[in-house]
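# Chains, contacts and geometry: an overview
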Amino acid sequence: CLKNYEQAHFYLKEAINLKPKEPIAYLICGEIFFWQCNYKEAINNLQKSIDYKAKINNLYIILGNSFLFSEDYYIACVCYNFALKNNSDNYLCFKNNACSYEKRHMYSEALNMLDKLLNINKDNSLILCYYGEILCNMKQYSKAISYFTKANIIDPENTHNLNKRAIAYYTLQDYNKVLLDLDKVIQLDPLNNLAYYLKCLIYYTKKDIDNAIMVFEKCKELLDLNDIKAKTLLFHLEYLLNKNNSTELNNILTKINQISNIKDSELLLFVRCKVYVELKMYHEAMLDLNLLYDKNDIYYLYISYISYIYLLREYTDFWLYLNVNNNNDLSELGIVNGFSKHMYEISQVYFISNLVNLNSELYQLQENDINSLSEKIIKILNKDCFIKFIIKGFNSKRYKDSELVHYEHVLKYEEVLRLEGCGWIEYQLPKNVNEYYVQTSIEISGSINMQMDYVRYGHNEEEITYIPNICIGDLLPNFYKIYPNVPKTFKDKYFSRKEMENLLELKDIINHL
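Residue positions are given per chain, counting from 1 as you read along its sequence in written order. For a predicted model such as this one, the threshold for reporting local features is a pLDDT of at least 70, and the threshold for listing and counting side-chain atom pairs is 80 or more; totals across whole chains, interfaces and linings nevertheless cover every residue. Side-chain numbers here rest on the full set of heavy atoms in the structure, without hydrogens or water.

By the criteria applied, helices consist of DSSP H or I runs no shorter than four residues and strands consist of E runs no shorter than two, each listed in order from the N terminus. Assigned secondary structure in the protein chain consists of 25 helices and 10 strands. When accessible area is computed with a 1.4 Å probe and restricted to protein chains, residues below 20% of their type maximum are described as buried, those above 50% as exposed, and intermediate ones as partly exposed. Taking all 513 residues of the protein chain together, the buried fraction comes to 51%. By definition in these notes, contact holds between two residues if any of their heavy atoms fall within 4.5 Å. Excluding contacts between residues fewer than 6 apart, the proportion of contacts in the protein chain whose partners are at least 24 apart in sequence is 61%. Only carbon and sulfur atoms are counted for the fraction: they give 49% of the accessible area of the protein chain, which is about 26900 Å². Surface accessibility follows the Shrake-Rupley procedure with a 1.4 Å probe radius. Residue values consider only the protein chains on display as shielding.

Structure (structure tokens):
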């Protein structure tokens, strides 16, 4: 308690030497290591305490906190859920578990935790704001705005909440309300560079270039140019305002190339790639695209890379350049353009809309959807009530002579209900398919109104993955990396050390002596 941790560890070591299987000594040791931010040693000692049958209410919460700060969010959730079995109303457990679920993109589960927190205190403005942020991740922007608004009524001077509501309004193209929120932010915090960045973006989107340039100049004054993220925002705005001016684009390129650590920033690499494409410097653009590819594990973190190439899809000549030496004819799969070919061969994504090129009857089912990856989707509406996924594969390259493997996975009514209202998601089949030649098909039955965008070969950590907006207007992809959410922005409030460092009580120690 006096924070003399060296002496504390000395006596704990003595205690463990005298009684090597004493669980409370390991637990205290783990708690102290947590206070010292040595989470690896905290986990090691807390697990030993469990092995030696420690029975203390908050043990699994302390362990969950250690895994949370070690960024092992799966095990953190396991620990919190175990703790909630014994203490179903633990506020700290709900809060930290919500963050763990959100980090795993399990948004419905995260909202469930936040609902429990709001049942305890419906006027917690940070929780209301965090709720809105997660709803934005689920593309439920109108609903998110209602939560940001509740938070704003309680805490009208929270500029983080106002900025987040402004982004939600921007997504819904309600630009006047965006500007109202940004003006409030600037009034409260005249040095809020993010507000100026967003304001410039709004004027650019509205084609009010004079005001966009005026705000851009103010943004230049405020941004810390020693910060690479700030530089990225500035170069992005400068690029947008000069897309049709090759001289200015070359000037931007010169400034970007003076940055020594550009390879450490995906977003800055992407901005440079866009500039190269605009200047028709396709070889250099391809090199940057390769760097972005190398920085992402396509099987697990593919969304980042795909979001970059999605924003380049309109540059037909660039995709022709990338495929100039690629003689693979994929027309038998309905793949007839360079972008679809790149997505299939590099990202292992097959657009369902390619099927229209194979079967003209499907054209009547095709719809435009700018929120989808391909922007062209197939809409399915039928009469019965299940979704069946069928996978056929041959277990040899000589598929004509090999054995046919057949998998089926059926989503029944109750399981289909889990997907209702989720927006765009990836549903991962719980099957490992190792065959060489794979043919997938889907049977839809029931009153199911479903849109299909693509099929991807790969792996997700979770069975259901929410797909963030690939592009929100002219916002940079993965904008959340620049502008973090409530737990990170308000780390000291959300993860109160005072709350987390008072979980081991004197009575727990005495009861084990």
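What follows deals with the UniProt feature "repeat: TPR" (unreviewed entry) in the protein chain. When the UniProt feature table is mapped onto this chain numbering, "repeat: TPR" (unreviewed entry) sits at residues 125-158 and 159-192. As annotated, residues 125-158 has a helix share of 79% and a strand share of 0%, and its two end C-alpha atoms lie 9 Å apart. Between the C-alpha atoms that bound residues 159-192 the distance is 9 Å, and the span itself is 79% helix and 0% strand. UniProt positions are given in the numbering used here, feature names are shortened, and annotations may be inferred rather than shown by experiment.

To continue, consider the packing of helix α7 (residues 107-120) against helix α8 (residues 125-137). To obtain an axis, a line is fitted to C-alpha atoms, over the contacting stretch when the element is a helix, and the angle between two such axes runs from 0 to 180 degrees between their N-to-C directions. Where α7 meets α8, the axes come as close as 10 Å, and the angle between the chain directions of the two elements is 160°. By the angle between their axes, α7 is roughly antiparallel relative to α8. Note on packing geometry: the crossing formed by α7 with α8 is left-handed. Two secondary-structure elements touch here, α7 through Tyr107, Ala110, Leu111, Leu114, Asp115, Leu117 and Leu118 and α8 through Ile127, Leu128, Tyr130, Tyr131, Ile134, Leu135 and Asn137. Residue classes in the contact of α7 with α8 are distributed as 12 nonpolar, 1 polar and 1 charged. Here the angle decides the label: under 35 degrees means roughly parallel, over 145 means roughly antiparallel, 65 to 115 means roughly perpendicular, and every other value means oblique. In this scheme the crossing of two helices becomes right-handed for a clockwise turn of the near helix relative to the far one and left-handed for an anticlockwise turn of less than a right angle. When residues are grouped by polarity, Ala, Val, Leu, Ile, Met, Phe, Trp, Tyr, Cys and Pro land in nonpolar, Asp, Glu, Lys and Arg in charged, and all others, Gly among them, in polar.

Okay, the pattern of salt bridges next. In what follows, salt bridge is the name for a side-chain nitrogen of Lys or Arg lying within 4 Å of a carboxyl oxygen of Asp or Glu. Inspection of the entire model under this criterion finds 11 salt bridges. Here aspartate 181 ties to arginine 165 by a salt bridge, and the two come within 2.8 Å at their closest N and O atoms. Here aspartate 181, found in helix α11 (residues 175-188), pairs with arginine 165, found in helix α10 (residues 159-171); they are 16 residues apart in sequence, far enough to count as distant. Overall, aspartate 181 belongs to the buried group, its relative accessible area being 2%. Note that lysine 255 and glutamate 238 form a salt bridge whose closest N and O atoms lie 2.8 Å from each other. Here the residue lysine 255 occupies a position in helix α15 (residues 246-257), and glutamate 238 occupies one in helix α14 (residues 228-241), the gap between them amounting to 17 residues. Lysine 255 sits in the partly exposed class, given a relative accessible area of 33%. Residue classification places glutamate 238 among the buried positions, given a relative accessible area of 9%.

To qualify as a nonpolar core, a set must consist of buried Ala, Val, Leu, Ile, Met, Phe, Trp, Tyr and Cys residues joined through side-chain atoms within 4.5 Å. Membership of the largest hydrophobic core comes to 144 residues, with the highest contact counts inside it found for Leu114, Tyr197, Leu312, Phe318, Phe479 and Tyr494. Dropping the residues within four chain positions of it, phenylalanine 318 is found in contact with Val277, Tyr282, Ala285, Met286, Leu289 and Leu312. With 13 residues, the next largest nonpolar core counts Phe389, Val416, Ile425 and Tyr427 among its residues.

Our next topic: the packing of aromatic side chains. Side-chain rings of Phe, Tyr and Trp (the six-membered ring for Trp) are treated as a pair once their centres are within 6.5 Å; stacked means planes under 30 degrees apart, edge-to-face means over 60, and tilted covers the remaining angles. As enumerated under the stated definition, the model contains 19 aromatic pairs in all. For the ring pair phenylalanine 339 and phenylalanine 351, a centre distance of 5.9 Å and an interplane angle of 25° mean the geometry is stacked. Here phenylalanine 351 lies in strand β1 (residues 349-351) and phenylalanine 339 lies in helix α20 (residues 338-345), a separation of 12 residues in the sequence. Across the pair, phenylalanine 351 and phenylalanine 339 agree in class, each one buried. Ring geometry for tyrosine 494 and phenylalanine 495: centres 5.0 Å apart, planes at 75°, overall edge-to-face. With a relative accessible area of 2%, tyrosine 494 lands in the buried category. Here phenylalanine 495 falls in the buried class, since its relative accessible area comes to 9%. By way of ring pairs, the aromatic residues Phe34, Tyr39, Phe69, Tyr130, Tyr494 and Phe495 are connected into one cluster.

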